[in-house]
Amino acid sequence: IKFDKDTFFYHEWRDSSSPYKAGPSLWIKDGSLMIQGKVLMKLPQDSWIHFHIEAGLGEKADGTWEMKVKTENQDASFDNLKTGSPDWKKLEWLGFVSNSDTKSVFYLDDIKLNQR
């Protein structure tokens, strides 16, 4: 992702149940990367940031996920992050959402989805 100063963005994995169950979820607001309301790190604006996210599916789903973040000046790893719903098991919706109520811009590139 590459974003500007006004970006308020979230990325989330969900199933198709009603109400849906959420898997991995991250937020970017005010240049901060947040998971479940907790700031994990500051991110540079107007610079490409690479995310690598892994979570088990089906019987391998255990309510946790991992994320690696790479900026031009910093690498970070986060393990044992909690999914939004502890019983989430299926990826049926992959969302990239702007929550900004003002004009903002973010770019996404090189999205890859693999199953092991």
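This text follows the structure it describes.
Conventions adopted
- Residues numbered from 1 in each chain as written.
- Predicted model: local features only at pLDDT ≥ 70, side-chain atom pairs only at ≥ 80, totals over all residues.
- Heavy atoms only, no water.
- Phe/Tyr/Trp six-rings, centres within 6.5 Å; stacked < 30°, edge-to-face > 60°.
- Helix = DSSP H or I, 4+ residues; strand = E, 2+ residues; numbered from the N terminus.
- Lys NZ or Arg CZ within 6 Å of the ring centre and 35° of its normal.
- Pairing = 2+ DSSP bridges.
- Axes fitted to C-alpha atoms, helices over the stretch in contact; angles between N-to-C directions.
- Patch = residues over 30% accessible without salt bridge, like charges linked within 9 Å, V, L, I, M, F, W, Y side chains within 5 Å.
- Areas by Shrake-Rupley, 256 points an atom, 1.4 Å probe, with all protein chains shown as cover.
- Salt bridge = Lys/Arg side-chain N within 4 Å of Asp/Glu carboxyl O.
- Buried < 20%, exposed > 50% of the residue type's maximum accessible area, 1.4 Å probe, protein only.

Undergrad: Which residues make up the packing of aromatic side chains, and what are the values?
TA: For the structure shown, the criterion picks out four aromatic pairs. Where Phe 9 meets Phe 106, the ring centres are 4.7 Å apart and the plane angle is 70°; that geometry is what we call edge-to-face. You can see Phe 9 sitting in strand β2 (residues 8-14) and its partner Phe 106 sitting in strand β10 (residues 106-107), a full 97 residues away along the chain. The positively charged end of Arg 14 is found above the aromatic ring belonging to Tyr 20, 3.8 Å away from the centroid. The ring centre of Phe 8 lies 4.7 Å from the NZ or CZ of Lys 29, which sits over that ring.

Undergrad: Describe the sheet that holds β2, and please don't skip the residues or the numbers.
TA: The strand order β5-β4-β3-β2-β9 describes an open sheet built from five strands, whose pairing is antiparallel. A single partner strand is all that each edge strand has here, and the edge strands are β5 (38-42) and β9 (93-98). Averaged over all pairs of adjacent strands, the angle between strand axes in this sheet comes to 20°, irrespective of strand direction.

Undergrad: Can you lay out a nonpolar patch on the surface for me, pointing to particular residues and giving the numbers?
TA: A surface patch of nonpolar side chains, amounting to about 420 Å² of accessible area, comprises Leu 94, Phe 96, Leu 108, Ile 111 and Leu 113. Inspection of the secondary structure assignment puts Phe 96 in strand β9. On the basis of relative accessibility, which here comes to 32%, the residue Phe 96 falls in the partly exposed class.

Undergrad: Describe the sheet that holds strand β7 (residues 64-70), and please don't skip the residues or the numbers.
TA: Strands sit in the order β6-β7-β8 across an open sheet of three strands; the sheet is antiparallel. For this open sheet the edge positions go to β6 (50-55) and β8 (75-82), each flanked by a neighbour on one side alone. Between one strand axis and the next, the sheet turns through 15° on average, direction left out of account. Sheet topology places β6 next to β7; six bridges connect them, and they run antiparallel. Across the sheet, the residue bridging to His 50 is Lys 70, located in β7.

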